[in-house]
Structure formats: structure tokens, C-alpha cells
Amino acid sequence: MDVLASSDFKGKLAVGDVINQVDGHTFHDSKELIAYFAGVKLGQTIRIGVQRAGRTQVISGQATKLPETKRVGIGITLTEKSRVTSTPAVHADITDIGGPSAGLMFTLELYQQLAHQDIAQSRKIAGTGTIDETGHVGSIGGIDKKVAAAAKKGAKIFFCSE
């Protein structure tokens, strides 16, 4: 979904690439992929197999220190490739969203629409957090800045994961 400007993969990986393998390993989900990087050393060359525009290619770059967590990684924001269907059909315009941290708030908005309930009750509510297919809310970085920005916009309630 995004590549950090400081990543060696900036300009090599593109939004929408589907990662098939890393260093010859395949993973069932993003959690396994993230766990793999716990054993990667700073500066280590990483080979990533990606599917892009119907073609498979291998992209190489070096592991870097991630600014938010100080862990070693490749500096990307990723999400699971999934498709959700529902009755009634739901459409969301997410063209201006640059990462998965809006997942929690999207879920609350969809719930409100599908359940025909006004859970906000005219209050300004903000929040952040990833959300997986089981409904688990994940934490994100930069929460202090997001809380401050929400408060400036008049939010009285802020949802997040610890």
C-alpha cells in the first residue's frame, strides 16, 4: 500500500504489487511475512517476488531500520489481498486513503450503515487502527500525531488499539 521514502525498495516496489515470496519463502499471511523479518539483519539483501500487471518479477534491495518501530524491515505498508462480498452490496471510495490504518473507522461506518444505527449520536468521532478479517484491531504508528490532529478538528472520542 505504501513504500517509505527511506526504503531501498522505493521506486522498485509499487502500490498494488502482490508479494509472492521473499528470499524463496512463501507466507500464508502478512503476519508470517512480518515475523520472517525478525531474523533479517540491517543491510541484508532481500529478494522479493512480486506479481505486477500479470507478470512475475523479482526485486532486490537492502533491509533498513524502520523509523516508527526501530525494527529491521523493507519499509512497506502492506495489506492482505482479499475480496469481501456482502448483502446488501457496499461500496466505499478509498482513493485518498494511503494505508490500512483507516480499517477500524471504515468498519465502524459500515456497521452503522448496515445496522441502521447512529452510533456516533452526532458526536465527532475519530480513530485509527488496522483491522483483520477476524475483527482484530491492530495498533499503528504515529498515534500521538493522529490524536492531536483529531482534537484540532473537534473530535471528542478517539478509538485506537493499545
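Before reading on, note that the structure itself is shown above.
Below, the structure is looked at part by part. All residue numbers refer to position in the chain's written sequence, counted from 1. Reporting in this predicted model follows two pLDDT cut-offs: at least 70 for local features of residues, and 80 or more for side-chain atom pairs to be given and counted; totals over whole chains, interfaces and linings ignore these cut-offs and use all residues. Hydrogens and waters are ignored; side-chain quantities use all the structure's heavy atoms.

1. Observations regarding the packing of aromatic side chains
Aromatic ring pairs are described here by two measures, namely the spacing of the ring centres and the angle between the planes.
At step 1: Paired rings are identified among Phe, Tyr and Trp, the last through its six-membered ring, by centres lying within 6.5 Å, and are further divided according to the angle between planes into stacked (under 30 degrees), edge-to-face (over 60) and tilted (the rest). Counted by the stated rule, this structure contains 2 aromatic pairs.
At step 2: Residues Tyr 36 and Phe 37 carry aromatic rings whose centres are separated by 5.6 Å and whose planes lie at 80° to one another, so their mutual orientation is edge-to-face.
At step 3: Under the relative-accessibility criterion, Tyr 36 is labelled partly exposed at 21%.
At step 4: Throughout, exposure labels follow a simple rule: accessible area from a 1.4 Å probe, protein chains only, divided by the maximum for the residue type, with under 20% read as buried, over 50% as exposed, and the rest as partly exposed. On the basis of relative accessible area, Phe 37 is assigned to the buried category, the value being 9%.
At step 5: Linked through ring pairs, Phe 27, Tyr 36 and Phe 37 together constitute an aromatic cluster.

2. A word on a nonpolar patch on the surface
At step 1: Only residues whose relative accessible area exceeds 30% and that take part in no salt bridge are eligible for patches, with like-charged residues grouped when within 9 Å of each other and nonpolar side chains (Val, Leu, Ile, Met, Phe, Trp, Tyr) grouped when within 5 Å. Accessible surface area values rest on a Shrake-Rupley calculation with a 1.4 Å probe, where residue burial reflects the displayed protein chains alone. The term salt bridge refers to a pairing of a side-chain nitrogen on Lys or Arg with a carboxyl oxygen on Asp or Glu at a separation within 4 Å. Taken together, the side chains of Val 90, Leu 110 and Leu 114 make up a nonpolar region of the molecular surface, amounting to roughly 210 Å² of accessible area.
At step 2: What counts as a helix is a DSSP run of H or I of at least four residues, what counts as a strand is a run of E of at least two, and both are numbered from the N terminus. Counting through the fold element by element, Val 90 comes out in the loop between strand E7 (76-77) and helix H2 (103-115).
At step 3: Residue classification places Val 90 among the partly exposed residues on the basis of a relative accessible area of 39%.

3. Some remarks on the environment of Gln 44
At step 1: Examined against the element boundaries, Gln 44 turns out to sit in the loop between helix H1 (30-36) and strand E3 (45-52).
At step 2: Measuring from C-alpha to C-alpha, the distance between Gln 44 and Gly 73 comes to 9.7 Å, with 29 residues separating the pair along the chain.
At step 3: Once you skip the residues sitting within four places of it in the chain, Gln 44 turns out to touch Asp 23, Gly 39, Gly 61, Gln 62 and Ala 63.
At step 4: At a separation of 3.0 Å, a polar atom in the side chain of Gln 44 contacts the main-chain amide nitrogen of Lys 41. Here, residues are in contact when the closest pair of their heavy atoms is within 4.5 Å. Think of a polar contact as two N or O atoms within 3.5 Å of one another; within protein, one of them needs to be a possible hydrogen donor and the other a possible acceptor, and neighboring residues in sequence only count if both atoms come from side chains.

4. Side note on the nonpolar core
At step 1: Only buried residues count toward a nonpolar core, which is a set of Ala, Val, Leu, Ile, Met, Phe, Trp, Tyr and Cys residues joined through side-chain atoms within 4.5 Å. Judged by nonpolar contacts, the single largest core of 13 residues is most densely connected at Phe 9, Leu 13, Val 22, Phe 37, Ile 46, Ile 48 and Ile 74.
At step 2: No other element matches the 3 residues that E3 contributes to this core.
At step 3: Those residues in contact with Ile 46 that lie beyond four places of it in its chain are Phe 9, Val 22, Asp 23, Phe 37, Val 40, Ile 59, Ser 60, Gly 61, Ala 63 and Ile 74.

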